[in-house]
Amino acid sequence: MAFLEMTDLSSGYGELQILWGVSLALERGQLTALVGSNGAGKTTLLRTIMGLTRPWHGRITFDDRDVTRLAAHAKADRGLILVPEGRQLFTSMSVYENLEMGAFTRRAVNSLKRNLERVYDLFPRLKERSSQKAGTLSGGEQQMLAVARGLMAEPQILMFDELSLGLAPVLVMSLFQVLRRLKSEGLTMLLVEQNVQLALAVSDYAYVLSEGRIGIQGKAAAVRQMDQVRQAYLGM
Amino acid sequence: MTAQPAQGEIILSIQKISKRFGGLQALCDVTFDLPKGQILGLIGPNGAGKTTLFNAVNGVYPPEEGRIIFRNTDITGWQPYSVARLGLARTHQVVRPLNELTVLENVMAGACFGHEQRSLGQARGIAGEVLAFVELAARHDAPAGSLNVAQKKRLELARALAARPYLLLLDEVLAGLNPKEIDEMIQVVRQIREQGITILIIEHVMHALMTVSDRVIVLDYGEQIAEGTPAEVANNPRVIEAYLGDPALAERMMESD
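Residues numbered from 1 in each chain as written. Chains lettered and ligands numbered in written order. Predicted model: local features only at pLDDT ≥ 70, side-chain atom pairs only at ≥ 80, totals over all residues.

**Looking at the domain arrangement of chain A**
All names here are of chain A.
- Per the domain assignment, the segments making up chain A are domain 1 (1-79 + 156-164 + 186-236) and domain 2 (87-154).
- With centres defined by C-alpha atoms, the gap from domain 1 to domain 2 works out at 25 Å.
- With five residues of domain 1 at the interface, the matching set in domain 2 holds seven residues.
- In terms of residue class, the side of domain 1 that touches domain 2 is made up of three nonpolar, one polar and one charged. (Domains from an automatic or database assignment. Contact = placed C-beta atoms within 7 Å. Nonpolar A, V, L, I, M, F, W, Y, C, P; charged D, E, K, R; others polar.)

**Digging into the packing of helix α3 (residues 103-111) of chain B against helix α4 (residues 120-133) of chain B**
Residues and elements named next belong to chain B.
- Axis separation between α3 and α4 bottoms out at 8 Å; the angle between their running directions is 115 degrees. Our classification of the angle between α3 and α4 gives roughly perpendicular. As α3 packs across α4, the resulting crossing turns out to be right-handed. Contacts between α3 and α4 pair V103, L104, V107, M108 and A111 from the former with A123, R124, I126, A127, V130 and L131 from the latter.
- Partitioned by chemical class, the residues of the contact of α3 with α4 number 10 nonpolar, no polar and one charged. (Axes fitted to C-alpha atoms, helices over the stretch in contact; angles between N-to-C directions. Helix = DSSP H or I, 4+ residues; strand = E, 2+ residues; numbered from the N terminus. Parallel < 35°, antiparallel > 145°, perpendicular 65-115°, else oblique. Left-handed = near helix turned anticlockwise from the far one by under 90°.)

**Considering the sheet that holds strand β9 (residues 205-210) of chain A**
Residue and element names in this part refer to chain A.
- Taking strand neighbours across the sheet as the criterion, the six strands line up as β6-β7-β8-β3-β9-β10 in an open arrangement whose pairing is mixed. If you trace the sheet from one side to the other, it starts and ends with β6 (80-83) and β10 (213-219), each paired once. Mean inter-strand twist for the sheet, computed between neighbouring axes without regard to direction, equals 15 degrees.
- Summarising the sheet, strand β3 (residues 31-35) and β9 pair through four bridges and their orientation is parallel. Bridging across to β9, A33 finds its partner in A206.
- Helix-sheet contacts for helix α1 (residues 42-50) involve β3, β6, β7 (157-161), β8 (188-192) and β9, and the interaxial angle to β7 is about 150 degrees. (Pairing = 2+ DSSP bridges.)

**Overview of the domain arrangement of chain B**
Residues and elements named next belong to chain B.
- When cut into domains, chain B gives domain 1 (34-87 + 167-257) and domain 2 (96-165).
- Each of domain 1 and domain 2 has a C-alpha centre, and the two are 25 Å apart.
- Contacts between the two partners involve 14 residues from domain 1, matched on the other side by 12 residues from domain 2.
- Put simply, the parts of the chain that give the side of domain 1 that touches domain 2 at least two residues each are α2 (80-85), β7 (167-171) and α6 (179-194).

And the structure:
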């Protein structure tokens, strides 16, 4: 059984249905990409996995347990961690304090020191700036901090919402190198990305969401070659 | 596809318009002509400047540079209500009906702000016709706030149509609709064009937009990067890159093993 599995999931906001029977599986140790055009439902899917948006229908299992109705904090405690779109840092707190905040889960609080060394090793820049206020970092450094904060929670599965958005290509490259390193260390990840080319270049498996449904899925290398991806974005 | 006069009369001409918000160049030298009777689709990734272009055309945010000619009149810098009086109506992405008024009263309000001066009695008559056209007549007496999403979208459209516009700007009328409602709304858009109304449409539901548009313009970071038939635009490498990302960067990523 997959590490995280979502079966026939529907959800939305108020009377507005966004997801229409989505099924998706994250295999242990794999980097899975979820791409799709504006308004396809990518963020809603992440929110529903996390428990920030209630599923209307369907089932989510994580590590062989049914977590469909579990609250977001309980999911975080089990190691399901989201790096949200727009970073959502504590901007008036220092880099170090932000990392400390990441280690709030029961599973991570005792290994704060070890995890801190790990993220400083991954992002030496954050170590240099550990006492600086997060709000004064550059956009790229802020995104590094958001990823590092996610890692401080000692994730079993780390999910990213729009990792490359608004960043210069050179910063995007270095962040994606970190993803590859995390993958080689065996971390399971879900990457939601507007840059389809890049997402498909680094991931093992990919799903294309359009209008709230999974239209295309397959090994990332195969999906890269499919003209249907272009069609899903451009309508013909 | 409906046959269109190739060299028809130009109802809207956008001439090198630019708009800046602080350091953000929201629109840069956007230029195109919209012939009467056409449906012109406007697409582009998030933040491309689509709604800003609508706001520039109907006078909400006048452009800093360039000219907007509507029905042979230079309307650059005009107030939105003056532009409306000349026969341009729009719908909004986020619909905000007058919730306490009835559906009929909302549409009557729309009928009072077009290019023809209407009495309340005339406005009521037009509102009734338009509500029948968008199939909301059965709810004419309901408070607008009680409508569901699909009905509110139809009300927004009815309000714009009640002004009897020559040009209609549609901003994401399909957002939030289910597939069946999308198909129905596309039919409504086609019927509006058959009544002789020219349409400029922004839409994220791409297959719908590509089906309904005669021609498509693509914006990316405020720049007009492509223009053509739906098929031309969907196969244009620059458009594909704007939507899917730079293939060269992905190649570099893969080679950096």
